[in-house]
Amino acid sequence: MELNTEILTAPPLDAATVVMLRDGPAGLQVLLMRRHQASNVLGGVYVFPGGKLDPEDQNPLWLERLSQDSDTLHQRLNEPDLPTERATGLFVAAMREAYEECRVLLGCASHASPGVHPVLQALRSGQSWHSAFQSQALALHTDALLPWCRWITPRQASVTNKRFDTRFFVTQVPDDQLAEHDNFEATEVLWITPRDALLRYWNREIELAPPQIMSLVHLNRHPNAQSVLTEAQNRRPPVIEPEPYDQEGVRTICYPGDPRHSVTQAAFPGPSRLMFKNKRFEPEQGLAALLD
């Protein structure tokens, strides 16, 4: 991984990411996908499925098709200054990206019901995600998609030359959904425990960006999917604005709760800073800080 040294002046782009959960033999598992090596954003890095908010995600027609009204979705996201249509669009974007990037169909109340099959057939015939749902006139169920946190890329971005205002959602993937990579944006999908993902990162078997590292540290505190969902239901999604600085040639990223960060209250458990050493990001206390 190469460090970005450019100061970014453009405003961050709205984006949505889905942290997909399931319970495995060893407990909680999360879905990671490896971005295509040729991607201009985090090529080769393992990330959660997600992407930019699309104008079509905010189409007023969707407001009539969602299981929760736009005011409810706006309140759930807990961003009072965000226009209602953009808040609603972020829920739609999260469900769309889940299918486009790893073929997981979210938003259907019962995936085994006959009404879902026409959507899958439409998608597999080449229709876009928006067109497939609109042509079948099915409602999109947003209830199971829970806001988790919000990451805003700083102007001194460390791993990309673009800025994003990304809302992370968590959801438990239905048992009948099989994740697959598309060989375009992603070249691999991986169900893995947060602990094993962090160990594989430390052993240089996979690459992770700082938001994924810190998210996995947080998720590693949970024994199963329901534990994560319960936390999401009982607290507001924290806003995480990393504050990086360079000292003696070493890039350090501070997070809320760090003595050097402007926000004194921690947003998540684990280390409060990562340092770019040996071409990757590590906590000062080493692997133990990621796992304990």
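Provided above is the structure to which this section pertains.
**Description of the overall build of the protein**
Helix and strand counts for the protein stand at nine helices and twelve strands. Its C-alpha radius of gyration of 19 Å places the protein within 12% of the 19 Å reference for a compact globule of 292 residues. Projected onto the principal axes, the alpha-carbon positions of the protein cover approximately 60 × 40 × 40 Å. Per-residue burial for the protein yields a buried fraction of 54% across its 292 residues. Of the contacts formed within the protein by residues at least 6 apart in sequence, a portion of 68% connects residues at least 24 apart. Between the averaged position of the 27 positive side-chain charges in the protein and that of its 36 negative side-chain charges there is a distance of 4 Å.

**So, the side chain of Thr-193**
Here Thr-193 is to be found in the loop between strand S7 (186-192) and helix H6 (194-202). In this structure the side chain of Thr-193 is engaged in a polar contact, spanning 3.0 Å, whose partner is the backbone nitrogen of Asp-196. Not counting the four nearest positions on each side in its chain, Thr-193 is found in contact with Ala-26, Leu-28 and Gln-29.

**Let's talk about helix H5 (residues 129-136)**
Within the span of H5, buried status applies to Trp-129, His-130, Ala-132 and Phe-133. Buried residues of H5, seen end-on, are gathered within an arc of 165 degrees and therefore sit on one face of the element. Positive backbone phi, at 55 degrees, marks Ala-137, one or two positions downstream of H5.

**Digging into unusual backbone geometry**
With glycine set apart, most residues show a phi of negative sign, and most peptide bonds adopt trans. Phi is positive for Asn-78, close to 60 degrees, though the residue is something other than glycine. Mapped onto the elements of the fold, Asn-78 is located in the loop between helix H2 (70-77) and helix H3 (84-102). Even without a glycine there, the phi angle at Arg-103 is positive, about 60 degrees. Note on placement: Arg-103 falls in the loop between H3 and helix H4 (117-124). By relative accessible area, which is 31% here, Arg-103 ends up partly exposed.

**Focus: the sheet that holds strand S12 (residues 280-282)**
Judged by pairing direction, the sheet is antiparallel, and its four strands sit side by side in the order S9-S10-S11-S12 without closing on themselves. Each edge of the sheet is formed by a strand with only one pairing partner; in this case those strands are strand S9 (243-247) and S12. The average angle at which neighbouring strand axes cross in this sheet is 30 degrees, direction not considered. Two strands pair when backbone bridges link them, and strand S10 (residues 250-254) and strand S11 (residues 273-277) are joined in this way by three bridges, in the antiparallel orientation. Paired with Cys-254 across the bridge in S11 is Arg-273.

**Structural notes on the packing of aromatic side chains**
Per the stated rule, a full pass over the model turns up eight aromatic pairs. Relative to Tyr-255, the ring of Trp-151 lies with its centre 5.6 Å away and its plane at 75 degrees, an arrangement referred to as edge-to-face. With Trp-151 in strand S5 (residues 146-152) and Tyr-255 in the loop between S10 and S11, this pair connects stretches of sequence that are 104 residues apart. Each of the two residues, Trp-151 as well as Tyr-255, counts as buried.

**Some details on the pairing of strand S2 (residues 27-35)**
Summarising burial for S2: eight of the nine residues are buried, a large majority. Two elements, strand S1 (residues 13-24) and S2, share four bridges in a ladder whose sense is antiparallel. In the sheet register, Asp-23 faces S2, and the bridge partner there is Leu-28. The loop that links S1 with its antiparallel partner S2 comprises two residues. Relative to strand S3 (residues 46-47), S2 runs antiparallel, the two being bridged by two bridges.

**Some words on the nonpolar core**
Membership of the largest hydrophobic core comes to 39 residues, with the highest contact counts inside it found for Leu-21, Val-170 and Ile-213. If one sorts the elements of this core by residue count, helix H7 (residues 210-219) sits on top with five residues.

Each value, and the rule that gives it
- Residues numbered from 1 in each chain as written.
- Predicted model: local features only at pLDDT ≥ 70, side-chain atom pairs only at ≥ 80, totals over all residues.
- Heavy atoms only, no water.
- Helix = DSSP H or I, 4+ residues; strand = E, 2+ residues; numbered from the N terminus.
- Rg over C-alpha atoms; globule rule 2.2 N^0.38 Å.
- Buried < 20%, exposed > 50% of the residue type's maximum accessible area, 1.4 Å probe, protein only.
- Contact = heavy atoms within 4.5 Å.
- Lys, Arg positive; Asp, Glu negative; His and termini not counted.
- Charge placed at Lys NZ, Arg CZ, Asp CG, Glu CD.
- Polar contact = N/O pair within 3.5 Å; in protein donor to acceptor, adjacent residues only side chain to side chain.
- Arc of directions from axis to C-beta.
- Pairing = 2+ DSSP bridges.
- Axes fitted to C-alpha atoms, helices over the stretch in contact; angles between N-to-C directions.
- Phe/Tyr/Trp six-rings, centres within 6.5 Å; stacked < 30°, edge-to-face > 60°.
- Core = buried A, V, L, I, M, F, W, Y, C linked by side-chain atoms within 4.5 Å.

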